[in-house]
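Here is how the chains run, residue by residue.
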Amino acid sequence: MFIRQDEIRPDDRYYWVTANENGSFSKTPKTLEDREESDENGNPMYVKVLGEVDGKPAMVDSTERLITKGLKSNHIAQVKHNTNMTLAQTDWYVIRKVERNVDIPADVATYRAAVIAWATATEASITAVTTVEELKAINLGVSI
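Residues numbered from 1 in each chain as written. Predicted model: local features only at pLDDT ≥ 70, side-chain atom pairs only at ≥ 80, totals over all residues. Heavy atoms only, no water.

This part covers the environment of V17. Along the chain, V17 turns up in strand 1 (residues 15–19). Judged by its relative accessible area of 17%, V17 falls in the buried class. Taking the C-alpha atoms as reference points, V17 and V129, 112 residues apart in sequence, are found 22 Å from one another. (Helix = DSSP H or I, 4+ residues; strand = E, 2+ residues; numbered from the N terminus. Buried < 20%, exposed > 50% of the residue type's maximum accessible area, 1.4 Å probe, protein only.)

Take the pairing of strand 1 next. If a strand is regular, its side chains alternate between the two faces of the sheet. The pairing of strand 1 with strand 2 (residues 25–29) spans five bridges and is antiparallel. Across the sheet, the residue bridging to Y15 is P29, located in strand 2. Following strand 1, the chain reverses through five residues before pairing antiparallel with strand 2; G23 in that reversal takes a positive phi of roughly 95°. (Pairing = 2+ DSSP bridges.)

Looking now at the layout of surface pockets. Approximately 210 Å³ is the volume attributed to the largest pocket. As for the largest pocket, its lining consists of 14 residues, of which K30, T31, K69, L71 and N74 are closest to the centre. If you tally residues by element for the lining of the largest pocket, the top one is helix 1 (residues 71–88), at three residues. Looking at the lining of the largest pocket residue by residue, the class counts come to four nonpolar, five polar and five charged. (1 Å grid on protein atoms, 1.4 Å probe; cavity = no way out; pocket = protein on both sides within 12 Å on 5 of 7 lines; lining within 4 Å. Points joined across faces, edges and corners; volume = space filled by probe spheres on them. Nonpolar A, V, L, I, M, F, W, Y, C, P; charged D, E, K, R; others polar.)

What follows is the structure, given as structure tokens:
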């Protein structure tokens, strides 16, 4: 098998990608929504935990359903992470305000509000998408 040099590989973050015999690629979009997993018979699957069977340690089902996160959940988690990392740089102003009642400078408060507004709007945009192509168009980096 060879890979054609003129063929651009689809983005693995959004697609399951297969290289074809002729050097081209096939792509299948990954799932947007979270999915509760079921076994081959359609029975619900549960998160396994260490328990006991016949007095011996064994992995047993918990009461928590096994859920595979979709692209939307993963992207929202990335937005939250990026937002938290961005806000962490100015968190000390908030701590100082709570501990010693020293006012947060107006420019810092404005900046933090803008970061939070961006995150809220971006999460709403992610939630609203219905296709992988729409999701790919959303910028996950904090942009103020």
